[in-house]
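Chains, contacts and geometry: an overview
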Amino acid sequence: MEGKGGEEMISFDFEYYKPASVKEAVDIFEVLSSQSKKPIFYNGGTEIITSARRNLLFTKAVIDIKDISECIVHEFKNSELYIGAAVTISQIEEKSLFPLLRDGSNSIADQTVRNKITLGGNICGKITYREAVLSLLLCDSEMVIAGKNGLTKHPISEVFDKTLKLANGEFLAQIIINKDYAKLPYVSIRKTKEAKSAYPLVRVLALKKENEIRAAITGVCGFPFRSIELESELNNKSISPEARVERAIKKLPAPAVNDTLGSDDYRLFVLKNSLMDVLTILEGDSHDNISRSGSARVKHKR
Amino acid sequence: MITYPEVVQLELNINDESRKVTIRTSDTLLHVIREQLGLTGIKVGCENGDCGTCTVLIDGLPIKACIMLAVEAVGHKITTIEGLKDVPIQKAFQEKMGFQCGFCTPGFIMNCHALTKLHPKASDEMIERWLQSNICRCTGYEEIKEAVKSVSAEK
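Below, the structure is looked at part by part. (Residues numbered from 1 in each chain as written. Chains lettered and ligands numbered in written order. Predicted model: local features only at pLDDT ≥ 70, side-chain atom pairs only at ≥ 80, totals over all residues. Heavy atoms only, no water.)

Moving on: the side chain of Ser-152 of chain B. Residue and element names in this part refer to chain B. Within the secondary structure, Ser-152 is located in helix H5 (residues 141-154). Residue classification places Ser-152 among the buried positions, given a relative accessible area of 8%. Side-chain polar atoms of Ser-152 contact the backbone oxygen of Pro-120, separated by 3.4 Å. Other than its neighbours up to four places away in sequence, Ser-152 contacts Thr-116, Pro-120 and Lys-121. (Helix = DSSP H or I, 4+ residues; strand = E, 2+ residues; numbered from the N terminus. Buried < 20%, exposed > 50% of the residue type's maximum accessible area, 1.4 Å probe, protein only. Polar contact = N/O pair within 3.5 Å; in protein donor to acceptor, adjacent residues only side chain to side chain. Contact = heavy atoms within 4.5 Å.)

Here's what the structure looks like:
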(Lines give C-alpha, C1' and ligand atoms only; values in the text may rest on other atoms or scores of the structure.)
Protein backbone atom coordinates (compact mmCIF):
# COMPACT_ATOMS: atom_id res chain seq x y z
CA MET A 1 0.00 0.00 0.00
CA GLU A 2 1.36 3.42 -0.91
CA GLY A 3 0.51 6.83 0.45
CA LYS A 4 0.10 9.81 -1.86
CA GLY A 5 3.63 10.90 -1.09
CA GLY A 6 4.99 7.61 -2.41
CA GLU A 7 5.84 6.14 0.95
CA GLU A 8 5.05 2.55 1.74
CA MET A 9 2.54 2.22 4.55
CA ILE A 10 1.99 -0.74 6.81
CA SER A 11 -0.40 -2.77 4.69
CA PHE A 12 -2.61 -4.08 7.46
CA ASP A 13 -4.59 -2.57 10.33
CA PHE A 14 -4.18 -3.33 13.98
CA GLU A 15 -5.63 -2.24 17.29
CA TYR A 16 -3.47 -0.42 19.81
CA TYR A 17 -3.54 -1.01 23.56
CA LYS A 18 -1.49 0.84 26.15
CA PRO A 19 -1.94 -0.82 29.54
CA ALA A 20 -0.96 0.93 32.76
CA SER A 21 0.03 -2.18 34.69
CA VAL A 22 1.63 -5.57 34.21
CA LYS A 23 -1.67 -7.27 35.01
CA GLU A 24 -3.55 -5.24 32.41
CA ALA A 25 -0.91 -6.09 29.79
CA VAL A 26 -0.93 -9.81 30.51
CA ASP A 27 -4.72 -9.95 30.71
CA ILE A 28 -5.32 -8.09 27.45
CA PHE A 29 -2.78 -10.31 25.70
CA GLU A 30 -4.78 -13.35 26.76
CA VAL A 31 -8.07 -11.83 25.61
CA LEU A 32 -6.66 -10.79 22.22
CA SER A 33 -5.02 -14.18 21.75
CA SER A 34 -8.36 -15.89 22.34
CA GLN A 35 -9.75 -13.67 19.56
CA SER A 36 -6.98 -14.88 17.21
CA LYS A 37 -5.57 -11.36 16.90
CA LYS A 38 -1.97 -12.54 17.25
CA PRO A 39 -1.10 -9.74 19.70
CA ILE A 40 2.47 -8.62 20.16
CA PHE A 41 4.04 -6.60 22.93
CA TYR A 42 5.29 -3.27 21.64
CA ASN A 43 8.17 -1.36 23.17
CA GLY A 44 10.29 1.05 21.11
CA GLY A 45 8.60 -0.46 18.09
CA THR A 46 11.34 0.28 15.56
CA GLU A 47 11.76 -3.32 14.46
CA ILE A 48 8.02 -4.02 14.54
CA ILE A 49 7.23 -1.03 12.30
CA THR A 50 9.94 -1.78 9.74
CA SER A 51 9.10 -5.49 9.69
CA ALA A 52 5.37 -4.82 9.38
CA ARG A 53 5.97 -2.42 6.50
CA ARG A 54 7.80 -5.18 4.64
CA ASN A 55 5.14 -7.75 5.55
CA LEU A 56 7.62 -9.78 7.56
CA LEU A 57 5.34 -9.58 10.56
CA PHE A 58 1.56 -9.62 11.00
CA THR A 59 -0.63 -8.76 13.95
CA LYS A 60 -4.12 -7.49 14.60
CA ALA A 61 -3.18 -5.88 17.92
CA VAL A 62 -0.14 -4.31 19.55
CA ILE A 63 0.23 -3.87 23.30
CA ASP A 64 2.47 -0.91 24.10
CA ILE A 65 4.18 -1.43 27.47
CA LYS A 66 5.68 2.07 27.79
CA ASP A 67 3.10 3.22 30.40
CA ILE A 68 3.88 0.43 32.86
CA SER A 69 5.83 1.82 35.80
CA GLU A 70 8.00 -1.29 36.20
CA CYS A 71 9.06 -0.95 32.57
CA ILE A 72 10.32 2.63 32.87
CA VAL A 73 12.16 2.42 36.19
CA HIS A 74 15.82 3.47 35.95
CA GLU A 75 17.47 3.76 39.36
CA PHE A 76 19.55 2.14 42.04
CA LYS A 77 17.65 0.47 44.84
CA ASN A 78 20.02 -0.50 47.63
CA SER A 79 22.78 -2.47 45.94
CA GLU A 80 21.03 -3.12 42.64
CA LEU A 81 20.33 -1.20 39.47
CA TYR A 82 16.78 -1.60 38.18
CA ILE A 83 16.28 -0.77 34.53
CA GLY A 84 12.90 -1.06 32.87
CA ALA A 85 12.64 -2.73 29.49
CA ALA A 86 11.11 0.46 28.05
CA VAL A 87 14.08 2.65 28.97
CA THR A 88 15.64 3.91 25.77
CA ILE A 89 19.26 3.38 24.83
CA SER A 90 19.71 7.17 24.83
CA GLN A 91 18.38 7.40 28.38
CA ILE A 92 20.92 4.80 29.48
CA GLU A 93 23.67 6.91 27.94
CA GLU A 94 22.37 10.22 29.29
CA LYS A 95 21.88 8.95 32.83
CA SER A 96 25.05 6.87 32.70
CA LEU A 97 24.38 5.00 35.93
CA PHE A 98 26.28 1.91 34.83
CA PRO A 99 29.25 2.58 32.50
CA LEU A 100 29.52 -1.01 31.25
CA LEU A 101 25.88 -1.03 30.16
CA ARG A 102 26.26 2.45 28.66
CA ASP A 103 29.35 1.56 26.64
CA GLY A 104 27.89 -1.78 25.67
CA SER A 105 24.80 -0.23 24.12
CA ASN A 106 25.66 3.29 23.02
CA SER A 107 26.80 2.25 19.55
CA ILE A 108 23.57 0.55 18.57
CA ALA A 109 22.14 2.16 15.41
CA ASP A 110 22.49 5.96 15.59
CA GLN A 111 21.64 8.75 17.99
CA THR A 112 18.09 9.50 16.84
CA VAL A 113 17.22 5.81 16.56
CA ARG A 114 18.62 5.29 20.05
CA ASN A 115 16.06 7.87 21.21
CA LYS A 116 13.43 5.29 20.23
CA ILE A 117 15.06 1.87 20.66
CA THR A 118 14.56 0.46 24.13
CA LEU A 119 16.73 -1.87 26.16
CA GLY A 120 14.02 -4.53 26.18
CA GLY A 121 13.29 -4.10 22.50
CA ASN A 122 16.93 -4.61 21.59
CA ILE A 123 17.23 -7.73 23.73
CA CYS A 124 13.99 -9.27 22.45
CA GLY A 125 14.35 -8.22 18.81
CA LYS A 126 14.90 -10.47 15.83
CA ILE A 127 18.07 -8.67 14.75
CA THR A 128 21.09 -10.90 15.21
CA TYR A 129 23.38 -8.40 16.96
CA ARG A 130 21.37 -7.33 20.04
CA GLU A 131 24.41 -5.62 21.53
CA ALA A 132 22.62 -4.46 24.68
CA VAL A 133 22.49 -8.00 26.04
CA LEU A 134 26.28 -8.38 26.18
CA SER A 135 26.80 -6.39 29.37
CA LEU A 136 23.87 -8.16 31.00
CA LEU A 137 25.43 -11.54 30.22
CA LEU A 138 28.71 -10.45 31.80
CA CYS A 139 27.05 -9.15 34.97
CA ASP A 140 24.94 -12.21 35.81
CA SER A 141 21.90 -9.97 35.51
CA GLU A 142 18.42 -10.96 36.55
CA MET A 143 15.70 -10.75 33.96
CA VAL A 144 12.32 -9.80 35.39
CA ILE A 145 9.68 -11.40 33.22
CA ALA A 146 6.00 -10.47 33.32
CA GLY A 147 3.45 -13.20 32.89
CA LYS A 148 0.37 -14.75 34.40
CA ASN A 149 2.12 -15.07 37.75
CA GLY A 150 3.03 -11.40 37.80
CA LEU A 151 6.73 -10.53 37.81
CA THR A 152 9.25 -13.34 38.21
CA LYS A 153 13.05 -13.02 38.41
CA HIS A 154 15.33 -15.30 36.43
CA PRO A 155 19.12 -15.42 36.18
CA ILE A 156 20.01 -14.45 32.62
CA SER A 157 21.99 -17.67 32.20
CA GLU A 158 18.76 -19.63 32.63
CA VAL A 159 16.56 -17.68 30.23
CA PHE A 160 18.91 -16.40 27.54
CA ASP A 161 20.30 -18.84 25.01
CA LYS A 162 20.75 -17.11 21.64
CA THR A 163 17.42 -15.42 22.36
CA LEU A 164 15.47 -14.55 25.47
CA LYS A 165 13.20 -17.48 26.18
CA LEU A 166 9.72 -16.07 26.72
CA ALA A 167 6.55 -18.13 26.83
CA ASN A 168 3.52 -16.95 24.87
CA GLY A 169 1.96 -14.05 26.74
CA GLU A 170 5.13 -13.14 28.63
CA PHE A 171 7.27 -10.03 28.18
CA LEU A 172 10.52 -8.69 29.57
CA ALA A 173 9.61 -6.03 32.15
CA GLN A 174 12.93 -5.06 33.69
CA ILE A 175 16.51 -6.01 34.36
CA ILE A 176 18.37 -6.03 37.67
CA ILE A 177 22.15 -5.69 37.89
CA ASN A 178 24.20 -5.90 41.06
CA LYS A 179 26.00 -2.63 41.73
CA ASP A 180 29.29 -4.41 42.46
CA TYR A 181 29.78 -5.12 38.75
CA ALA A 182 30.01 -1.38 38.10
CA LYS A 183 33.38 -1.36 39.90
CA LEU A 184 35.02 -3.98 37.69
CA PRO A 185 37.44 -3.11 34.87
CA TYR A 186 36.10 -3.74 31.39
CA VAL A 187 36.88 -3.37 27.70
CA SER A 188 34.43 -2.51 24.95
CA ILE A 189 35.50 -3.23 21.37
CA ARG A 190 33.33 -2.65 18.32
CA LYS A 191 34.68 -3.22 14.81
CA THR A 192 32.64 -2.21 11.80
CA LYS A 193 33.41 -2.52 8.12
CA GLU A 194 32.68 1.07 7.22
CA ALA A 195 30.62 3.63 9.15
CA LYS A 196 30.88 3.59 12.93
CA SER A 197 27.10 3.36 13.20
CA ALA A 198 26.98 0.29 10.92
CA TYR A 199 26.30 -3.21 12.18
CA PRO A 200 29.38 -4.67 13.86
CA LEU A 201 31.62 -7.23 12.23
CA VAL A 202 32.84 -8.07 15.69
CA ARG A 203 31.57 -6.77 19.01
CA VAL A 204 33.32 -7.83 22.18
CA LEU A 205 32.55 -6.72 25.69
CA ALA A 206 34.81 -8.12 28.39
CA LEU A 207 35.32 -7.58 32.10
CA LYS A 208 37.61 -8.94 34.76
CA LYS A 209 36.10 -10.44 37.90
CA GLU A 210 38.19 -12.14 40.56
CA ASN A 211 41.15 -12.20 38.18
CA GLU A 212 39.17 -14.08 35.53
CA ILE A 213 38.18 -12.54 32.21
CA ARG A 214 34.60 -12.79 31.03
CA ALA A 215 33.76 -12.09 27.40
CA ALA A 216 30.44 -11.63 25.62
CA ILE A 217 30.48 -11.48 21.85
CA THR A 218 28.15 -10.66 18.99
CA GLY A 219 28.55 -10.12 15.26
CA VAL A 220 30.71 -13.20 14.87
CA CYS A 221 28.10 -15.93 15.14
CA GLY A 222 24.47 -15.31 14.27
CA PHE A 223 23.58 -14.42 17.85
CA PRO A 224 25.03 -12.78 20.98
CA PHE A 225 26.59 -15.17 23.47
CA ARG A 226 28.81 -15.66 26.45
CA SER A 227 30.64 -18.98 26.44
CA ILE A 228 32.13 -20.48 29.61
CA GLU A 229 34.21 -22.86 27.43
CA LEU A 230 35.65 -19.96 25.45
CA GLU A 231 36.40 -18.03 28.64
CA SER A 232 38.09 -21.07 30.16
CA GLU A 233 40.59 -21.12 27.28
CA LEU A 234 41.02 -17.36 27.48
CA ASN A 235 41.93 -17.66 31.16
CA ASN A 236 44.37 -20.55 30.76
CA LYS A 237 47.50 -18.70 31.85
CA SER A 238 49.76 -21.74 31.47
CA ILE A 239 50.16 -20.97 27.76
CA SER A 240 50.96 -17.85 25.71
CA PRO A 241 48.29 -15.18 25.07
CA GLU A 242 48.36 -16.02 21.35
CA ALA A 243 47.71 -19.70 22.07
CA ARG A 244 44.96 -18.82 24.53
CA VAL A 245 43.17 -16.76 21.89
CA GLU A 246 43.66 -19.46 19.22
CA ARG A 247 42.14 -22.05 21.51
CA ALA A 248 39.35 -19.73 22.63
CA ILE A 249 38.27 -19.13 19.05
CA LYS A 250 37.91 -22.87 18.54
CA LYS A 251 35.23 -22.81 21.26
CA LEU A 252 32.83 -20.53 19.40
CA PRO A 253 29.30 -21.87 19.86
CA ALA A 254 28.58 -21.75 16.10
CA PRO A 255 30.48 -21.20 12.86
CA ALA A 256 31.37 -17.59 12.08
CA VAL A 257 28.94 -15.73 9.86
CA ASN A 258 29.95 -15.45 6.20
CA ASP A 259 28.03 -12.67 4.45
CA THR A 260 28.43 -9.47 2.47
CA LEU A 261 29.52 -7.59 5.57
CA GLY A 262 32.53 -9.85 6.00
CA SER A 263 33.72 -13.38 5.31
CA ASP A 264 33.92 -15.92 8.11
CA ASP A 265 37.72 -15.91 7.92
CA TYR A 266 37.84 -12.12 8.16
CA ARG A 267 35.51 -12.10 11.13
CA LEU A 268 37.70 -14.66 12.90
CA PHE A 269 40.78 -12.59 12.10
CA VAL A 270 39.20 -9.48 13.59
CA LEU A 271 37.93 -11.45 16.58
CA LYS A 272 41.39 -12.84 17.23
CA ASN A 273 42.88 -9.34 17.29
CA SER A 274 40.06 -8.08 19.48
CA LEU A 275 40.56 -10.86 22.03
CA MET A 276 44.29 -10.14 22.05
CA ASP A 277 43.40 -6.53 22.88
CA VAL A 278 41.15 -7.77 25.68
CA LEU A 279 44.00 -9.78 27.22
CA THR A 280 46.50 -6.96 26.83
CA ILE A 281 44.23 -4.38 28.42
CA LEU A 282 42.62 -6.40 31.20
CA GLU A 283 45.82 -8.16 32.20
CA GLY A 284 47.93 -5.04 31.85
CA ASP A 285 48.70 -2.43 34.47
CA SER A 286 46.09 0.11 33.38
CA HIS A 287 42.89 0.17 35.39
CA ASP A 288 41.10 2.52 33.01
CA ASN A 289 38.10 1.13 31.24
CA ILE A 290 38.54 1.30 27.52
CA SER A 291 36.06 1.60 24.72
CA ARG A 292 37.25 1.02 21.17
CA SER A 293 35.12 1.74 18.16
CA GLY A 294 36.59 1.11 14.74
CA SER A 295 40.17 2.36 14.93
CA ALA A 296 39.31 5.07 17.43
CA ARG A 297 40.34 4.66 21.02
CA VAL A 298 38.68 6.47 23.89
CA LYS A 299 39.53 6.05 27.53
CA HIS A 300 36.86 6.41 30.17
CA LYS A 301 38.27 7.32 33.53
CA ARG A 302 36.17 7.18 36.60
CA MET B 1 -5.69 1.42 29.72
CA ILE B 2 -5.60 3.42 26.50
CA THR B 3 -7.34 1.56 23.69
CA TYR B 4 -7.56 2.57 20.05
CA PRO B 5 -9.48 0.68 17.36
CA GLU B 6 -7.99 0.15 13.90
CA VAL B 7 -9.13 3.60 12.78
CA VAL B 8 -9.28 6.39 15.31
CA GLN B 9 -9.81 10.13 15.58
CA LEU B 10 -7.40 11.84 17.89
CA GLU B 11 -5.54 15.07 18.57
CA LEU B 12 -1.90 15.72 17.95
CA ASN B 13 0.03 18.68 19.32
CA ILE B 14 2.18 19.75 16.41
CA ASN B 15 4.13 23.00 16.13
CA ASP B 16 2.19 24.34 19.13
CA GLU B 17 -1.16 23.72 17.46
CA SER B 18 -3.70 21.07 18.41
CA ARG B 19 -4.75 19.25 15.24
CA LYS B 20 -7.47 16.62 14.90
CA VAL B 21 -6.70 13.68 12.66
CA THR B 22 -8.49 10.51 11.66
CA ILE B 23 -5.89 7.84 11.16
CA ARG B 24 -5.21 4.14 11.02
CA THR B 25 -3.55 3.03 14.22
CA SER B 26 -0.89 1.42 12.07
CA ASP B 27 -0.02 4.72 10.37
CA THR B 28 3.45 6.03 11.01
CA LEU B 29 3.95 9.56 12.24
CA LEU B 30 5.72 10.30 8.96
CA HIS B 31 2.62 9.40 6.96
CA VAL B 32 0.24 11.35 9.18
CA ILE B 33 2.34 14.51 9.21
CA ARG B 34 2.63 14.58 5.42
CA GLU B 35 -0.70 13.17 4.28
CA GLN B 36 -3.09 14.23 7.03
CA LEU B 37 -1.54 17.44 8.23
CA GLY B 38 -0.06 18.57 4.92
CA LEU B 39 3.32 19.40 6.42
CA THR B 40 5.65 18.27 3.66
CA GLY B 41 8.90 19.68 5.01
CA ILE B 42 9.44 16.24 6.47
CA LYS B 43 10.70 13.99 3.65
CA VAL B 44 10.12 10.36 2.76
CA GLY B 45 13.46 8.61 2.47
CA CYS B 46 14.39 5.08 3.44
CA GLU B 47 11.42 4.50 5.78
CA ASN B 48 13.69 2.17 7.65
CA GLY B 49 15.18 4.45 10.30
CA ASP B 50 18.42 4.84 8.41
CA CYS B 51 18.53 8.13 6.49
CA GLY B 52 17.08 10.66 8.95
CA THR B 53 15.28 12.76 6.37
CA CYS B 54 12.01 12.38 8.32
CA THR B 55 13.48 13.59 11.63
CA VAL B 56 11.10 15.53 13.90
CA LEU B 57 11.33 16.54 17.53
CA ILE B 58 9.24 14.75 20.11
CA ASP B 59 9.33 16.78 23.33
CA GLY B 60 12.57 18.27 22.04
CA LEU B 61 14.28 14.96 21.21
CA PRO B 62 15.01 14.11 17.57
CA ILE B 63 13.16 11.01 16.41
CA LYS B 64 12.78 9.49 12.97
CA ALA B 65 9.07 9.71 12.18
CA CYS B 66 9.17 6.63 9.94
CA ILE B 67 9.81 4.40 12.95
CA MET B 68 7.16 5.87 15.21
CA LEU B 69 3.44 5.22 15.11
CA ALA B 70 1.36 8.39 15.09
CA VAL B 71 -0.63 7.10 18.08
CA GLU B 72 2.58 7.05 20.11
CA ALA B 73 2.84 10.81 19.68
CA VAL B 74 -0.45 11.53 21.45
CA GLY B 75 0.23 13.68 24.52
CA HIS B 76 3.65 14.68 23.28
CA LYS B 77 4.84 17.88 21.64
CA ILE B 78 5.75 17.32 17.99
CA THR B 79 7.92 19.86 16.17
CA THR B 80 8.60 19.74 12.44
CA ILE B 81 10.78 21.98 10.30
CA GLU B 82 7.71 24.20 9.77
CA GLY B 83 7.70 24.82 13.53
CA LEU B 84 11.15 26.37 13.57
CA LYS B 85 11.19 30.11 13.00
CA ASP B 86 14.60 31.58 12.28
CA VAL B 87 16.42 29.54 14.88
CA PRO B 88 20.23 29.93 14.94
CA ILE B 89 20.94 26.63 13.19
CA GLN B 90 18.90 27.69 10.14
CA LYS B 91 20.99 30.83 9.76
CA ALA B 92 24.15 28.79 10.32
CA PHE B 93 23.19 26.36 7.52
CA GLN B 94 22.87 29.35 5.18
CA GLU B 95 26.12 30.94 6.23
CA LYS B 96 28.17 27.74 6.18
CA MET B 97 26.52 26.37 3.02
CA GLY B 98 25.26 23.36 4.95
CA PHE B 99 23.13 22.11 2.07
CA GLN B 100 23.35 21.35 -1.63
CA CYS B 101 20.31 19.66 -3.16
CA GLY B 102 18.38 20.31 0.04
CA PHE B 103 16.47 17.04 0.33
CA CYS B 104 18.10 15.98 3.59
CA THR B 105 18.19 19.51 4.99
CA PRO B 106 14.96 19.51 7.06
CA GLY B 107 15.99 16.30 8.81
CA PHE B 108 19.51 17.54 9.44
CA ILE B 109 18.25 20.86 10.76
CA MET B 110 15.88 19.18 13.21
CA ASN B 111 18.66 16.94 14.50
CA CYS B 112 21.21 19.76 14.69
CA HIS B 113 18.71 22.12 16.33
CA ALA B 114 18.08 19.55 19.06
CA LEU B 115 21.80 19.00 19.49
CA THR B 116 22.55 22.70 19.94
CA LYS B 117 19.65 23.12 22.36
CA LEU B 118 20.36 20.02 24.46
CA HIS B 119 24.15 20.18 24.31
CA PRO B 120 25.15 23.80 23.62
CA LYS B 121 28.81 22.98 24.16
CA ALA B 122 28.90 19.67 22.33
CA SER B 123 32.36 18.21 21.71
CA ASP B 124 33.52 17.34 18.19
CA GLU B 125 33.05 13.69 19.07
CA MET B 126 29.46 14.27 20.16
CA ILE B 127 28.68 16.31 17.04
CA GLU B 128 30.03 13.51 14.86
CA ARG B 129 28.01 10.93 16.75
CA TRP B 130 24.82 12.91 16.34
CA LEU B 131 25.43 13.63 12.66
CA GLN B 132 25.71 9.89 11.98
CA SER B 133 21.91 9.83 12.33
CA ASN B 134 21.40 11.55 8.97
CA ILE B 135 22.59 10.85 5.46
CA CYS B 136 23.49 13.54 2.91
CA ARG B 137 24.08 12.03 -0.53
CA CYS B 138 25.64 15.30 -1.65
CA THR B 139 28.13 14.61 1.18
CA GLY B 140 27.91 18.03 2.74
CA TYR B 141 28.88 16.75 6.15
CA GLU B 142 31.81 19.06 6.83
CA GLU B 143 29.74 22.18 6.15
CA ILE B 144 26.93 20.87 8.34
CA LYS B 145 29.40 20.18 11.11
CA GLU B 146 30.75 23.70 10.74
CA ALA B 147 27.21 25.06 11.02
CA VAL B 148 26.67 23.20 14.29
CA LYS B 149 30.01 24.36 15.66
CA SER B 150 29.28 27.98 14.75
CA VAL B 151 26.06 27.88 16.77
CA SER B 152 27.86 26.24 19.69
CA ALA B 153 30.55 28.93 19.53
CA GLU B 154 27.94 31.66 19.90
CA LYS B 155 26.69 30.21 23.19
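Let us keep going from here.
Sheet strands line up and pair through hydrogen bonds in the backbone, either parallel or antiparallel. Across the sheet, which stays open at both edges, the four strands sit in the order S2(A)-S3(A)-S1(A)-S1(B) with mixed pairing between neighbours. Looking at which strands have only one partner, the edges of the open sheet turn out to be strand S2 (40-42) of chain A together with strand S1 (2-4) of chain B. Neighbouring strand axes in the sheet, compared pairwise and without regard to direction, differ in orientation by 20° on average. With three bridges connecting them, S2 of chain A and strand S3 (residues 61-64) of chain A associate as parallel partners. Within S3 of chain A, the residue paired with Ile-40 of chain A across the bridge is Val-62 of chain A. Strands strand S1 (15-18), S2 and S3 of chain A of the sheet are contacted by helix H1 (residues 22-34) of chain A, whose axis makes an angle of about 175° with S3 of chain A. (Pairing = 2+ DSSP bridges. Axes fitted to C-alpha atoms, helices over the stretch in contact; angles between N-to-C directions.)

Time to look at the packing of helix H2 (residues 88-95) of chain B against H5 of chain B. All names here are of chain B. Where H2 meets H5, the closest approach of the two axes is 8 Å, and the angle between their N-to-C directions is 135°. On the basis of their axis angle, the class for H2 and H5 is oblique. Here the hand of the crossing between H2 and H5 comes out right-handed. Contact residues: Pro-88, Ile-89, Ala-92 and Phe-93 in H2; Ile-144, Ala-147, Val-148, Ser-150 and Val-151 in H5. Residues belonging to the contact of H2 with H5 are distributed by class as follows: eight nonpolar, one polar and no charged. (Parallel < 35°, antiparallel > 145°, perpendicular 65-115°, else oblique. Left-handed = near helix turned anticlockwise from the far one by under 90°. Nonpolar A, V, L, I, M, F, W, Y, C, P; charged D, E, K, R; others polar.)

Turning next to the pairing of strand S4 (residues 55-58) of chain B. Residues and elements named next belong to chain B. Here S4 shows no split at all, with Thr-55 and Leu-57 on one side and Val-56 and Ile-58 on the other all buried. As judged from the four bridges shared by S4 and strand S5 (residues 61-64), these two strands associate in the antiparallel manner. The residue bridging Val-56 from the neighbouring strand is Ile-63, located in S5. Counted between consecutive antiparallel strands, the loop separating S4 from S5 contains two residues, among which Asp-59 sits at a positive phi close to 50°. When S4 meets strand S6 (residues 77-79), the two strands line up antiparallel, connected through two bridges. For Ile-58, the partnering residue across the bridge sits in S6 and is Ile-78.

Once that is clear, we can look at unusual backbone geometry. Residue and element names in this part refer to chain A. Not every positive phi belongs to a glycine, and Ser-36 is a case in point at roughly 60°. Among the structural elements, Ser-36 can be located in the loop between H1 and S2. Residue classification places Ser-36 among the exposed residues on the basis of a relative accessible area of 57%. Even without a glycine there, the phi angle at Ala-109 is positive, about 50°. Looking at Ala-109, the relative accessible area reads 26%, which means it is partly exposed.

Right, let's get into the pairing of strand S11 (residues 186-192) of chain A. All names here are of chain A. Along S11, six of the seven residues are buried, which leaves the element largely enclosed by surrounding structure. Of the strand pairs in this sheet, S11 and strand S12 (residues 200-209) are connected by seven bridges, and their pairing is antiparallel. When the bridges of S12 are listed, Thr-192 appears paired with Pro-200.

What follows is about the state of the cysteines. Residues and elements named next belong to chain B. According to the stated counting rule, one finds zero disulfides over all chains in the structure shown. Of all cysteine sulfurs, the one in Cys-66 lies closest to Cys-54, which takes part in no disulfide; the gap is 3.8 Å. No disulfide involves Cys-104; its sulfur sits 4.0 Å from the nearest other cysteine sulfur, which is in Cys-136. (Disulfide = S-S within 2.5 Å.)

In this section: H1 of chain A. Over its 13 residues, H1 of chain A extends 19 Å from the first C-alpha to the last, a length consistent with the 18 Å expected when each residue adds 1.5 Å. Where H1 of chain A ends, the next residue or the one after it, Ser-36 of chain A, has phi of about 60°, a positive value. (Expected span 1.5 Å × (residues − 1).)

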